[in-house]
Amino acid sequence: MPRNCSEREKRYMRLACEAAFGAIGRTSPNPPVGALLVRGDAIVSTGATMACGLDHAEICAIRQADARDLNGAEMFVTLEPCCHHGKTPPCVDAIIEAGIARVYLPLCDPNPRVAGKGVAALRAAGVDVVMMPEFAPAAFDLIRPFAKYIQTGRAHVMHKSAMTLDGRTATHSGNSQWISSEHSRFIVHLLRGMVDAIVIGCGTLVADNPTLNARPDSFSREIAAYFSSGSHRRSGRDDVVLDMTLSARGSRERRSPLRIIVGLPERIDPAFNIFFDDRFLFYAEPHDLARVSSRSDTEIVRKLADAGCIVTMRGETTAERARFITTDLAARGIIYAMLEGGARTAGAFFDAGEIDEFLYIVAPKVLGDGLPTIAGTGPNAIAEALALHEVSCVFAGGDVVYHAYREPFRGGE
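Computed from a predicted model, the values in this text were never measured in an experiment.

Enquirer: Just give me the short version of the sheet that holds strand 2 (residues 42–48), but keep the residues and values in it.
Expert: One open sheet accounts for five strands, arranged 2-1-3-4-5; its pairing is mixed. Two strands lie at the open edges of the sheet, namely strand 2 and strand 5 (128–131), each paired on one side alone. Strand-to-strand, the axes of this sheet are offset by a mean angle of 20 degrees, without reference to chain direction. Here four bridges tie strand 4 (residues 102–105) to strand 5, and the two strands are oriented parallel to one another.

Enquirer: Give me the lowdown on the side chain of Asp-55, citing residues and values where you can.
Expert: One can find Asp-55 in the loop between strand 2 and helix 2 (57–64). Judged by relative accessible area, Asp-55 falls into the buried class, the value being 19%. Side-chain polar atoms of Asp-55 contact the side chain of Arg-63, separated by 2.6 Å. Residues within four places of Asp-55 in sequence aside, it is in contact with Thr-49, Met-50, Cys-60 and Arg-63.

Enquirer: Lay out unusual backbone geometry in plain terms, naming residues and giving numbers.
Expert: Of note, the amide linkage connecting Ser-28 to Pro-29 takes the cis form, showing an omega dihedral of 5 degrees. Relative to the helices and strands, Pro-29 is located in the loop between helix 1 (7–23) and strand 1 (34–39). Although it is not a glycine, Leu-212 sits at a positive phi angle of roughly 60 degrees. Among the structural elements, Leu-212 can be located in the loop between helix 7 (202–208) and helix 8 (221–228). Judged by relative accessible area, which is 2%, Leu-212 ranks as buried. Look at Glu-390: it is not a glycine, yet its phi comes out positive at around 55 degrees. Here Glu-390 shows up in strand 16 (residues 389–396).

Enquirer: Help me get a handle on the sheet that holds strand 6 (residues 156–164), residues and values and all.
Expert: Read across the open sheet, the 10 strands follow the order 9-16-17-14-6-13-8-10-11-12; overall the sheet is mixed. Each edge of the open sheet carries a strand with a single partner, namely strand 9 (233–236) and strand 12 (310–312). Neighbour-to-neighbour, the strand axes of this sheet turn through a mean angle of 20 degrees, independent of strand direction. As judged from the four bridges shared by strand 8 (residues 197–201) and strand 13 (residues 336–341), these two strands associate in the parallel manner. Residue pairing across strands places Val-199 opposite Leu-339, the latter belonging to strand 13. Lying on the sheet, helix 6 (residues 182–192) is in contact with strand 6, strand 8, strand 13, strand 14 (357–363), strand 16 and strand 17 (399–405); it crosses strand 13 at an angle near 145 degrees.

Enquirer: Explain the layout of surface pockets to me, and be specific about the residues and the numbers.
Expert: Reported here for the second largest pocket is a volume of approximately 440 Å³. As for the second largest pocket, its lining consists of 26 residues, of which Asn-30, Pro-31, His-56, His-84 and Asn-111 are closest to the centre. Residue assignment for the lining of the second largest pocket shows that the elements contributing at least two residues are helix 2 and helix 5 (136–152). Ranked by residue count, the leading element in the lining of the second largest pocket is helix 5, at three residues. Here the residues of the lining of the second largest pocket are counted per class, giving 13 nonpolar, eight polar and five charged.

Enquirer: Can you break down empty space enclosed by the protein residue by residue, with the values?
Expert: All chains considered together, the criterion is met by one cavity of 30 Å³ or more. Considering only enclosed or pocket space, the largest cavity measures out at about 160 Å³ in volume. Lining the largest cavity are 20 residues, with Ile-24, Pro-32, Leu-142, Pro-145 and Tyr-336 positioned closest to its centre. Broken down by element, the lining of the largest cavity gets its largest block of residues, six residues, from helix 5. Grouping the constituent residues of the lining of the largest cavity by class yields 11 nonpolar, five polar and four charged.

Enquirer: Give a description of the packing of aromatic side chains that names residues and reports values.
Expert: In this structure the tally under the stated criterion is 13 aromatic pairs. When the centroid spacing of 4.8 Å and the interplanar angle of 65 degrees are considered together, the rings of Phe-275 and Phe-280 count as edge-to-face. The buried category is assigned to Phe-280, whose relative accessible area is 9%. Across from the ring centre of Tyr-405, 3.7 Å away, lies the NZ or CZ of Arg-144, which sits over that ring. Positioned above the aromatic ring of Phe-276, the side-chain terminus of Arg-259 is 4.0 Å from the ring centre.

Reading guide: rules and limits
Residues numbered from 1 in each chain as written. Predicted model: local features only at pLDDT ≥ 70, side-chain atom pairs only at ≥ 80, totals over all residues. Heavy atoms only, no water. Pairing = 2+ DSSP bridges. Helix = DSSP H or I, 4+ residues; strand = E, 2+ residues; numbered from the N terminus. Axes fitted to C-alpha atoms, helices over the stretch in contact; angles between N-to-C directions. Buried < 20%, exposed > 50% of the residue type's maximum accessible area, 1.4 Å probe, protein only. Polar contact = N/O pair within 3.5 Å; in protein donor to acceptor, adjacent residues only side chain to side chain. Contact = heavy atoms within 4.5 Å. 1 Å grid on protein atoms, 1.4 Å probe; cavity = no way out; pocket = protein on both sides within 12 Å on 5 of 7 lines; lining within 4 Å. Points joined across faces, edges and corners; volume = space filled by probe spheres on them. Nonpolar A, V, L, I, M, F, W, Y, C, P; charged D, E, K, R; others polar. Phe/Tyr/Trp six-rings, centres within 6.5 Å; stacked < 30°, edge-to-face > 60°. Lys NZ or Arg CZ within 6 Å of the ring centre and 35° of its normal.

Put into structure tokens, the structure is as follows:
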């Protein structure tokens, strides 16, 4: 029979989750993990996974502690410690060598190279391992992109869309600014700072000339305080990622994701806002590059191609090409992408089954007609519609922000 966690254990595991949350977006393709070392009722140190190739959370916590505080200490960690040699030595060995007496964890690593072996190694060495299954859904939310990547070799995709109450993202002319409220856009910019990449179609690039960076500091302090103070209303399941995003718990490094454009526009304008640094990538159709010499921007396209900023997609259908993109991104260490527009690009990813997470902002406005959210093939019957899981919603400046996942958490992942 599963044991009940004490309030003390819950408090420390929540702090470990906050440490893991603060690492989202800077550890890929490794998972963001948090670790807390405790002796008695005192926190000895806190650690979070660093960039790929650097220390994992457990090692960070151990190195920040005085060696005299380690022997007999307890560790709270959000994911099973690794037991294999990768770019860093096994965390299990460091835990054992430090003399840590007990390790609390909510979740086994979905990496087949670990998957329970870390727990077995700790127990074999005399370390008491305490599972905290009630924190497993929250811990899994923190590593969903890593779980998909390590199990399939493809990037995890969140589709973000702002729409009217009748499901339109823009007027017939393409005008869409602004459907959503400032409160909703603030949430989007917070989430942009957590993903590895933002994906749009080339039509959106030309129509909107977006910058595609994270700018939460450009919003008023009142909007930030509205969420951090808990003034907003939320309903649905306990959503650790959304809750920590809005409450500003867990320190976050300000960063901008890689900008990805699907397709080449008829003309690449060097004044496009996405060119504010060199972190951008075009995925082009084969015929796009075959006719480069006939383009008015031949020189620019050739320079981008020579610099590796243009990738030729493979696949016979748009869905196959969308899957090529998620596979190619994962091979580049990009495991968490936010898909922002437009409808045909979203339709390709949806048809491929490559949208794993949904963030839909519904504004109290009605257009009567206009552009849809997704332009995919779609099923023939309502019974065949994709049913989402782990649904939660936030009320933000008159909008309702829905957050949900394609797949439910399954215990034992």
